[in-house]
Amino acid sequence: MLSLTDVWPLFGLEIRTPRLVLRPVRDDDLPGLIESALAGIHDPEVMPFSMPWTDQPREQLMRETARFLWQQRAGVRPEAWAVNLAVLHEGTPIGLQDVGATDFAVTRTITSGSWLTRARQGVGLGKEMRAGMLQFVFDHLGAEVAASDAAVWNEASLGVSRSLGYRDNGRNRIVGRPGQLTESQQLRLERDDFRRPDWTIAVSGVAETKAFLLG
């Protein structure tokens, strides 16, 4: 009998760090992820995201978050993909680490973003989940460059990036909330500049994931 991972190989991917498990979002993860988002991710006076999705009313945020994650899952193709990894701590979803690429076979470049519920911030989990993702893309997918960005005032996010070896790579002016100008700091990390932690990920489902993402 076919398994779910036979039908959709990404569901076999699991990245384990000392405290966390990162895996492609499953439908069973959605309630916990959305509860973590509703519990608060950032000070409501500021907007760290280029799309102000956390400003939505409760019911709309729940529906639109699920719709967005389903759309991204369904859109995965070797030429362009985005994988949203649920971040689990002690079995509970506490945030999201995404990773994506366009024409990865040629560019060997990924982009990423993430969020973590406020109650779990400040204890190094944000850095741990990013470091786990970076180890996976550099060591198992063959990435050569990782790009990211953050609002210029978002010192917590920028601090995580710089501590892992990212370098500033220019700024963009974007609209965050409607009518509100935001300066976005672009960041770039070369594989050889990655400041690796003193631990190594354990990962399963690599071969199937590579075949599915890279063709």
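Scroll up to find the structure this text is about.
Presented here is an overview of the structure given in this document. Here, residues in each chain are numbered from 1, in the same order as that chain's written sequence. Under the rules for a predicted model, residues below a pLDDT of 70 receive no local features and side-chain atom pairs below 80 are neither given nor counted, while totals for whole chains, interfaces and linings still include all residues. For the side-chain quantities, the full set of heavy atoms in the structure was used; hydrogens and water were omitted.

1. As for the pattern of salt bridges
Opposite charge on two side chains makes pairing possible when the charged atoms of those side chains draw close.
Reasoning step 1: Between Lys or Arg on one side and Asp or Glu on the other, a salt bridge is scored when a side-chain nitrogen of the former is within 4 Å of a carboxyl oxygen of the latter. Under the counting rule described, the total for this entry stands at 11 salt bridges.
Reasoning step 2: Ionic pairing is found between Glu59 and Arg63, a salt bridge with its closest N-O pair at 3.0 Å. Of this pair, Glu59 and Arg63 both sit in helix 3 (residues 58–74), separated by 4 residues, roughly a single helical turn.
Reasoning step 3: Only protein chains enter the area calculation, which uses a 1.4 Å probe; residues under 20% of their type maximum are buried, those over 50% are exposed, and those in between are partly exposed. Judged by its relative accessible area of 47%, Arg63 falls in the partly exposed class.
Reasoning step 4: Here Arg196 makes a salt bridge to Asp139, at a shortest N to O gap of 2.8 Å. Taken together, the residues Arg196 in the loop between strand 8 (181–190) and strand 9 (202–204) and Asp139 in helix 5 (residues 125–141) connect sequence positions 57 residues apart.
Reasoning step 5: Since its relative accessible area comes to 41%, Arg196 is described here as partly exposed.
Reasoning step 6: On the accessibility criterion, Asp139 (41% relative accessible area) is partly exposed. Secondary structure follows DSSP: runs of H or I at least 4 residues long count as helices, runs of E at least 2 residues long count as strands, and numbering of each begins at the N terminus.

2. Remarks on the side chain of Gln135
Reasoning step 1: In this fold, Gln135 is placed in helix 5.
Reasoning step 2: Classification of Gln135 by relative accessible area gives buried; the value is 2%.
Reasoning step 3: In this structure Gln135 touches His140, Phe194, Arg196, Pro197, Trp199, Thr200 and Ile201, once residues within four positions along its chain are discounted. The contact rule is simple, with two residues in contact once any of their heavy atoms fall within 4.5 Å.

3. Details of the packing of aromatic side chains
Reasoning step 1: The pairing test for Phe, Tyr and Trp rings, Trp by its six-membered ring, is centres within 6.5 Å, and the orientation test on the planes gives stacked under 30 degrees, edge-to-face over 60, and tilted for anything in between. Per the stated rule, a full pass over the model turns up 5 aromatic pairs.
Reasoning step 2: Among the aromatic side chains, those forming a connected cluster through ring pairs are Phe49, Trp53 and Trp115.

4. Here's the deal with the pairing of strand 5 (residues 109–116)
Along any regular strand, the residues point their side chains to alternate faces of the sheet.
Reasoning step 1: Strands were regarded as paired on the criterion that DSSP finds at least two bridges between them. As paired elements, strand 4 (residues 92–102) and strand 5 share 6 bridges and run antiparallel to each other. Residue Leu96 lies in a different strand from strand 5, and its bridge partner there is Trp115.
Reasoning step 2: When strand 5 meets strand 6 (residues 145–151), the two strands line up parallel, connected through 3 bridges. Bridged to Thr111 within strand 6 is Ala147.

5. Comments concerning the packing of helix 5 against helix 7 (residues 206–214)
Reasoning step 1: Simply put, an axis is a line fit to the C-alpha atoms, just over the touching stretch for a helix, and the angle between two N-to-C directions goes from 0 to 180 degrees. Helix 7 packs onto helix 5 with a crossing angle of 80 degrees between their chain directions and a minimal axis gap of 11 Å. With respect to each other, helix 5 and helix 7 are oriented roughly perpendicular. Across the interface between the two elements, Phe136, His140 and Leu141 from helix 5 touch Val206, Thr209, Lys210, Leu213 and Leu214 from helix 7.
Reasoning step 2: Polarity classes work like this: nonpolar for Ala, Val, Leu, Ile, Met, Phe, Trp, Tyr, Cys and Pro, charged for Asp, Glu, Lys and Arg, and polar for all others, with Gly in that last group. Considering only residue class, the contact of helix 5 with helix 7 consists of 5 nonpolar, 2 polar and 1 charged. Throughout this description, any angle smaller than 35 degrees is read as roughly parallel, any larger than 145 degrees as roughly antiparallel, any in the 65 to 115 degree range as roughly perpendicular, and the remainder as oblique.

6. Quick notes on the pairing of strand 4
Reasoning step 1: Counting buried positions along strand 4 gives 8 out of 11 residues, so the element sits mostly inside the fold.
Reasoning step 2: Here strand 3 (residues 80–89) runs beside strand 4; their pairing, made up of 10 bridges, is antiparallel. Bridged to Trp81 within strand 4 is Ala101.
Reasoning step 3: Count of turn residues in the strand 3/strand 4 antiparallel hairpin: 2 residues, of which Glu90 carries a positive phi of about 55 degrees.

7. Things to note about the nonpolar core
Reasoning step 1: Counting residues in each nonpolar core, the largest one holds 39 residues, and the members touching the most others are Trp81, Ile110, Leu134, Phe136, Val137 and Phe138.
Reasoning step 2: Element by element, the count of residues in this core is highest for helix 5, at 9 residues.
Reasoning step 3: Discounting residues that sit within four places of it in the chain, Trp81 has contacts with Val76, Val99, Gly100, Ala101, Phe104, Ile110, Leu141 and Leu213.
Reasoning step 4: Of all hydrophobic cores here, the second largest spans 16 residues; its members include Leu30, Leu33, Ala37 and Leu88. Throughout, nonpolar core names a set of buried Ala, Val, Leu, Ile, Met, Phe, Trp, Tyr and Cys residues whose side chains join them through atoms within 4.5 Å.

8. Notes on helix 2 (residues 30–38)
Reasoning step 1: Considered for burial, the residues of helix 2 that qualify are Leu30, Gly32, Leu33, Ile34, Ser36 and Ala37.
Reasoning step 2: Taken together, the buried residues of helix 2 touch helix 3, strand 3, strand 4 and strand 5.

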